[in-house]
Structure formats: structure tokens, C-alpha cells
Amino acid sequence: MNTFALPAALAEIVDDFQALTEAERLQLLLEFSRELPELPERLRDHPELMEQVVECQTPLFLTIETEHLDGDAPERVRLFFKAPPEAPTTRGFAGVLHEGLDGLSAAEILAVPDDMPELLGLTRAITPLRMRGMTAMLGRIKRKVAASSAGPSAARQSRTRQS
């Protein structure tokens, strides 16, 4: 499959999955589940700062933060996930998204095709319900990124109208 439309890190991950057999793909997903970073302390004790992806069979929570860089560089989006260790499929996909998207610009994340989870080649190895959860996780990230990047613009428009 062609991965040219994906950001480089995510394209490399997809290529790695596509080069493997189904059984090996599940093992790679398990590796990503073990590599999912822990939440930073500022989020660990504040579940209200995270949003649940209810489409996931397992309780998965996520949030994004935007890093403002100096100069003309676009802002970078940081991704944070909370998923229980006993949910390796959900954690694994969160790990894929973290490694493939964390630190990218909003435009790069929003350009990721909605069907990207299917590119991993897991549709026969994972139930349709789990695949739907993966797609929802990506959709939730993109929705939060779109809202975050529209926020300052919308506020400026509102202030302009009030003047």
C-alpha cells in the first residue's frame, strides 16, 4: 500500500506493519503497547483534563497540548494517552499514534487519512469493534486538534465582530 500521504514517522510504522505476517503484526502492536509513555504528573491526577474515547472497548482517555515554538515554526501538537496495561490492543494503537503523530503540526495531523488504521493490516486479526475504536481514536485526536487550532482564530474573529 502507498503511504506517501502519511507523515514520515507514521509512514515508517505502517511500512513496518505491512512487511510482517498477521501474527507478527500482532506482536508489533504488543510492542507498541509496552512503549506507550506514562502520563506526565500534571495529567496523572487530573482525569478531568482528558477525554474518553467511548467507541473503544477498553477505557481509553486522551488529550492534546499545543507547544508554541519560537519564530515562524508551526505549533507542535503533543499527544497524551491513558489506557490500562491489560488492554494491549488499545494501548498498542495509542502507542502507534503517539509515535507516529506526537510533535507534528496541526496541519500534518489533520492531513492523516481517516482510514489510516486499516493500513496497519490488522483487519483480519482484530475484531471490527476494535478497529472501529482505533478509527475513533484517530478521529478524536483530529477533532481536538482542529478545535485547538481554530480556537485562537475563532476568538480573534469574535473580538473583531465586537469592535
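Note that the coordinates shown come from a computational prediction; the quantities given were computed from them, not determined experimentally.

Parameters and conventions
- Residues numbered from 1 in each chain as written.
- Predicted model: local features only at pLDDT ≥ 70, side-chain atom pairs only at ≥ 80, totals over all residues.
- Heavy atoms only, no water.
- Helix = DSSP H or I, 4+ residues; strand = E, 2+ residues; numbered from the N terminus.
- Buried < 20%, exposed > 50% of the residue type's maximum accessible area, 1.4 Å probe, protein only.
- Contact = heavy atoms within 4.5 Å.
- Patch = residues over 30% accessible without salt bridge, like charges linked within 9 Å, V, L, I, M, F, W, Y side chains within 5 Å.
- Areas by Shrake-Rupley, 256 points an atom, 1.4 Å probe, with all protein chains shown as cover.
- Salt bridge = Lys/Arg side-chain N within 4 Å of Asp/Glu carboxyl O.
- Lys, Arg positive; Asp, Glu negative; His and termini not counted.
- Charge placed at Lys NZ, Arg CZ, Asp CG, Glu CD.

## A short note on the environment of Glu99
Of note, Glu99 is situated in helix α4 (residues 88–101). Taking relative accessible area as the criterion, Glu99 reaches 43% and is therefore assigned partly exposed. Residues Glu99 and Ala9, spaced 90 residues apart in sequence, show a C-alpha to C-alpha distance of 7.2 Å. In this view, Glu99 contacts Ala9, Ile13, Phe32 and Glu35; residues no more than four positions away in its chain are not counted.

## A word on a negative patch on the surface
A grouping of Glu12, Asp15, Asp16, Glu31, Glu35 and Glu99 is seen on the molecular surface, where their side chains present a negatively charged patch. Going through the elements one at a time, α1 (8–18) and α2 (22–35) are the ones with two or more residues in the negative patch. With three residues, the single largest contributor to the negative patch is α1. Along the polypeptide, Glu12 turns up in helix α1. Since its relative accessible area comes to 53%, Glu12 is described here as exposed.

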